[in-house]
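Observations on the three-dimensional arrangement
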Amino acid sequence: MDALARHQCMIYEGSPAKHLPGLAALIYGKLKNHYRCLYLNSPAMLQGVRSYLYAAGVDVAREVRAGALVLTSDQSHLVNGRFDAAKMLDTLVAAVNEALNDGYKGLWASGDMTWEFGGQQSLDMLLEYERGLEGVFRQYPALSGICQYHRDTLPAEAIRTGMHAHQALYINETLSRVNPYYGSAESMADPGTLEFSARLDALMHHLTPTAD
């Protein structure tokens with residue numbers, strides 16, 4: 001799997017809870033394939049994914065004790081309440097290396113950007129972070145994961161960055177699609193315009209699975 005397919009973006013609307021079954025199924029598959037799984041989100045979302053993992057037959061307590069499953073709301077990557085891109089990237093690199101040193105095939109990681117960036121939502125660092133993150137994915141073939149962008153809680157500028165910075169879009173646990181706006185001038189249009197809103201609406205439609 002190439003670096004761009006391994007670095008996916010999930011842009012979604014509505015309750016984040018509706019995506020937990022798919023994420024739990026993805027984590028279940030990664031655990032079975034001997035990957036360490038890191039899930040960063042709010043305490044409520046962690047409890048939700050725990051429930052779905054239990055329902056799928058995962059012994060969550062055992063996997064956590066073994067270090068195969070890391071469910072965390074830790075925000076130590078924030079410095080004085082602000083997101084520090086370099087610190088977060090260093091933390092991720094250390095986590096990949098640790099997983100490999102512990103005998104895992106690699107690290108699968110997913111975080112919700114609203115939670116990851118903290119209460120102040122210092123989103124001026126977001127594009128720098130995503131560009132650095134893509135470099136980490138290219139450098140470490142053992143890394144895979146999903147950046148979660150909630151359209152209802154993030155400003156349009158953040159969604160614009162998500163559109164611009166990811167080649168692959170997560171649909172569900174078995175399906176991803178090529179992002180038609182990756183790296184394009186259109187994706188970096190003024191997010192306050194009707195044109196950008198229409199483009200984003202079209203992308204959301206693109207993210208809806210259709211029966212073949």
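Quick note: structure is the one above.
Residues numbered from 1 in each chain as written. Predicted model: local features only at pLDDT ≥ 70, side-chain atom pairs only at ≥ 80, totals over all residues. Heavy atoms only, no water.

**A look at the state of the cysteines**
Under the counting rule described, the total for this entry stands at 0 disulfides. Free cysteine Cys9: the closest other cysteine sulfur is in Cys147, separated by 6.5 Å. (Disulfide = S-S within 2.5 Å.)

**What about the pattern of salt bridges?**
All told, the structure shown has 4 salt bridges when counted by the stated rule. For Glu13, the salt bridge is made with Arg151, and the minimal N-O distance between the two is 2.8 Å. Pair noted here: Glu13 is in the loop between β1 (7-12) and α2 (20-32) and Arg151 is in the loop between β7 (143-150) and α8 (156-165), with a separation of 138 residues, a long-range link. Notably, a salt bridge pairs Asp102 with Arg36, separated by 2.9 Å at the nearest N-O pair. Of the two residues, Asp102 is situated in the loop between α5 (85-101) and β6 (107-112) and Arg36 in strand β2 (residues 36-40); the sequence distance between them amounts to 66 residues. (Salt bridge = Lys/Arg side-chain N within 4 Å of Asp/Glu carboxyl O. Helix = DSSP H or I, 4+ residues; strand = E, 2+ residues; numbered from the N terminus.)

**Points about the pairing of β2**
In terms of residue burial, β2 counts as a mostly covered element, since 4 of its 5 residues are buried. As defined by bridge partners, β2 adjoins strand β3 (residues 69-72) across 4 bridges and the pair is classed as parallel. By the bridge assignment for β3, Leu40 is matched with Thr72. (Buried < 20%, exposed > 50% of the residue type's maximum accessible area, 1.4 Å probe, protein only. Pairing = 2+ DSSP bridges.)

**Overview of the sheet that holds strand β8 (residues 168-172)**
Pairing in this open sheet of 7 strands is mixed, and the strands run β3-β2-β6-β7-β1-β8-β9 from one edge to the other. Edge strands, defined here as strands with exactly one partner in the open sheet, are β3 and β9 (175-178). This sheet shows a mean twist of 20° between the axes of neighbouring strands, independent of strand direction. Relative to β8, β1 runs parallel, the two sharing 2 bridges. For Cys9, the partnering residue across the bridge sits in β8 and is Leu169. Along the sheet face, α2 touches β1, β2, β3, β6, β7 and β8 and points at about 155° away from the line of β2. (Axes fitted to C-alpha atoms, helices over the stretch in contact; angles between N-to-C directions. Contact = heavy atoms within 4.5 Å.)

**Focus on helix α3 (residues 43-55)**
Helix length check: α3, at 13 residues, gives a terminal C-alpha distance of 19 Å against a target of 18 Å (1.5 Å per residue), a fit within 8%. Regarding α3, the residues found buried are Met45, Leu46, Gly48, Val49 and Leu53. One face of α3 carries all of its buried residues, which in axial projection span an arc of 160°. Exposed side of α3, more than 90 degrees from the buried face: Pro43, Ala44 and Ala55 are the residues found there. In the core, the buried residues of α3 are packed alongside α2, β2, α4 (60-66) and β3. Phi for Gly57, located one or two positions after α3, is positive at around 100°. (Expected span 1.5 Å × (residues − 1). Arc of directions from axis to C-beta.)

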